[in-house]
Amino acid sequence: MTRPAPQAPLPRARQRRRNPLPVVLGVAALAGLTGFIAFGNLNKSLEYFVTPTEYQQQRAELEGRPIRIGGLVRAVNYDPQTLSLRFVVSDGGASFPVQYSGAVSDLFKENQGVVVRGEFQGDTFHAQELIVKHSEEYNVPKTQTQLKDMLQQTQ
């Protein structure tokens, strides 16, 4: 019996090199779509914080959009029975009447900083939310007398 002659080993098959372009284009398209969904309608859902003077200057762009207006409280008229609140928000340059319906914090008072969220209807701002600025300082009463005085002031 004769043995077949040994064959030389076959050369390694060439691996087909894949073109990375389809993968790169797919990732770029996916990133673009994600960006469009995330930021496409972002401008419509933003609530801007403006002062009354800034609102007067940008009235055309901001009219009919939900915004936040910040300033000082003036001319407070609150009826605790109906929870109807009317006041004027001012920044020293411009002022607007504000209407709000709901409970009001004890911190809400004349010459206090406030931010109101809502929108204008005509020249009156109709607020859905009140955010009252308060002092950042907290002083712990050191004596029993100071504690009694503090409790009497809050009543």
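It should be noted that the structure appears before, not after, this text.
Residues numbered from 1 in each chain as written. Predicted model: local features only at pLDDT ≥ 70, side-chain atom pairs only at ≥ 80, totals over all residues. Heavy atoms only, no water.

Draft legend 1. Here's a closer look at the overall build of the chain. Per the secondary structure count, the chain includes five helices and six strands. Secondary structure elements in the chain, listed N-terminal to C-terminal, are α-α-β-α-α-β-β-β-β-β-α. Counting the 155 residues in the chain, one finds 20% classified as buried. Taking all contacts inside the chain whose residues are at least 6 apart in sequence as the whole, residues at least 24 apart take part in 45%. Summed over all atoms, the accessible surface of the chain reaches about 12500 Å², with 54% contributed by carbon and sulfur. (Helix = DSSP H or I, 4+ residues; strand = E, 2+ residues; numbered from the N terminus. Buried < 20%, exposed > 50% of the residue type's maximum accessible area, 1.4 Å probe, protein only. Contact = heavy atoms within 4.5 Å. Areas by Shrake-Rupley, 256 points an atom, 1.4 Å probe, with all protein chains shown as cover.)

Draft legend 2. Geometry of the packing of aromatic side chains. All chains considered together, the criterion is met by four aromatic pairs. Summarising the aromatic geometry, the rings of Tyr-55 and Phe-120 are spaced 4.1 Å apart at their centres and angled 15° between planes, so their arrangement reads as stacked. Placement of Tyr-55 in helix H3 (residues 52–57) and of Phe-120 in strand S5 (residues 113–121) is noted, with a sequence separation of 65 residues between them. As far as the burial class goes, Tyr-55 and Phe-120 line up, both buried. (Phe/Tyr/Trp six-rings, centres within 6.5 Å; stacked < 30°, edge-to-face > 60°.)

Draft legend 3. Here's a closer look at the pattern of salt bridges. All chains considered together, the criterion is met by two salt bridges. A salt bridge links Arg-59 to Asp-123; its shortest N-O distance comes to 2.7 Å. Separated by 64 residues along the polypeptide, Arg-59 in helix H4 (residues 59–62) and Asp-123 in the loop between S5 and strand S6 (124–132) bring together distant segments of the chain. The residue Glu-129 makes a salt bridge to Arg-117 at a minimum N-O spacing of 2.9 Å. Taken together, the residues span a long stretch of sequence, with Glu-129 in strand S6 and Arg-117 in strand S5 at a distance of twelve residues. Classification of Glu-129 as partly exposed rests on a relative accessible area of 29%. (Salt bridge = Lys/Arg side-chain N within 4 Å of Asp/Glu carboxyl O.)

Draft legend 4. View of the pairing of strand S3 (residues 84–90). In this structure, strand S2 (residues 67–79) lies alongside S3, joined through six bridges in antiparallel fashion. Bridge assignment links Arg-74 to a residue of S3, and that residue is Val-88. Of the strand pairs in this sheet, S3 and strand S4 (residues 95–101) are connected by seven bridges, and their pairing is antiparallel. Along S4, the bridge assignment pairs Val-88 with Pro-97. (Pairing = 2+ DSSP bridges.)

Draft legend 5. Seen up close, the side chain of Ser-90. One can find Ser-90 in strand S3. Using a relative accessible area of 8% as the deciding quantity, one classes Ser-90 as buried. Among the polar contacts made by the side chain of Ser-90, one reaches the side chain of Ser-95 at a distance of 3.1 Å. Beyond its immediate chain neighbours, meaning those up to four positions away, Ser-90 contacts Pro-52, Gly-71, Leu-72, Arg-74 and Ser-95. (Polar contact = N/O pair within 3.5 Å; in protein donor to acceptor, adjacent residues only side chain to side chain.)

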